[in-house]
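# Chains, contacts and geometry: an overview
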Amino acid sequence: LSIGFPLVFLSVAAFMTKPKLDLMGELDKAEAMIQGDQYSSAVDFLGEKLFPFLEAGQMSSAEARRYHLLMGRGIYRGQRTLEVSDPRNDRFVLVEYEHAEHFGAELEGSDVEALVETRLSLGELDKALHEVGRLPAEMGARRVAYLKRIAVESLRRPVPETDRALGIIAVATFLLLFLFT
């Protein structure tokens, strides 16, 4: 018994002093995969290696914010690269970006574009229009292109939504005048 106690104590002490996994370092690896166009690998890595920490509540807000942002980017860009449009993946993209913003992420223009494209893919024209309004000012030409797509999609509906299309055309015309004057 006297020999067992020190062994248990040493085991507990070793466990308590075991270095914690550097989650930011692991997130750096996932980001490098995404930057290297290895989207599937990044999504797998995030899901297998880091999701357990997220699920167990062992991530800081900064780590969770970055996790969700990288997961959203990885799923979206992977799907685009494969030229696949799966509504289930689209929903995951939206959820991941929503969680990232919940944890304080400020989305880049490319992230907002991912949201616009995803909403358009799902046929959520009103929500896509809202996302277009979030694009940075320097993406004015992209904004106009998205407005045109939304107007065209509005007119292609089984019951054409002409009021929406006309309103969007008016906004796009104003933006074009603003951009080129």
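See above for the structure.
Fair warning: this is a prediction, and the values are worked out from it, not measured in the lab.

### Describing the side chain of E131
Within the secondary structure, E131 sits in helix α7 (residues 125-132). We classify E131 as buried; its relative accessible area is 5%. Sequence-distant contacts of E131, defined by excluding residues within four places in its chain, comprise V112, L115, V116 and R119.

### Let's talk about the pattern of salt bridges
One pass over the full model with this rule turns up 19 salt bridges. A salt bridge links E31 to R66; the shortest N-O distance between them is 2.6 Å. Of this pair, E31 sits in helix α2 (residues 23-35) while R66 sits in helix α4 (residues 61-81); the two residues are 35 residues apart in sequence, bridging distant segments of the chain. By relative accessible area, E31 is classed as partly exposed at 25%. Here R134 and E101 are joined by a salt bridge, their closest N and O atoms 2.3 Å apart. Separated by 33 residues along the polypeptide, R134 in the loop between α7 and α8 (140-156) and E101 in helix α5 (residues 87-102) bring together distant segments of the chain. On the accessibility criterion, R134 (31% relative accessible area) is partly exposed. Residues joined in a network through salt bridges with shared partners are R91, E101, R119, E124, E131 and R134.

Definitions and limits used
Residues numbered from 1 in each chain as written. Predicted model: local features only at pLDDT ≥ 70, side-chain atom pairs only at ≥ 80, totals over all residues. Heavy atoms only, no water. Helix = DSSP H or I, 4+ residues; strand = E, 2+ residues; numbered from the N terminus. Buried < 20%, exposed > 50% of the residue type's maximum accessible area, 1.4 Å probe, protein only. Contact = heavy atoms within 4.5 Å. Salt bridge = Lys/Arg side-chain N within 4 Å of Asp/Glu carboxyl O.

In short, the description is geometric, and any link to function would need to be established separately.
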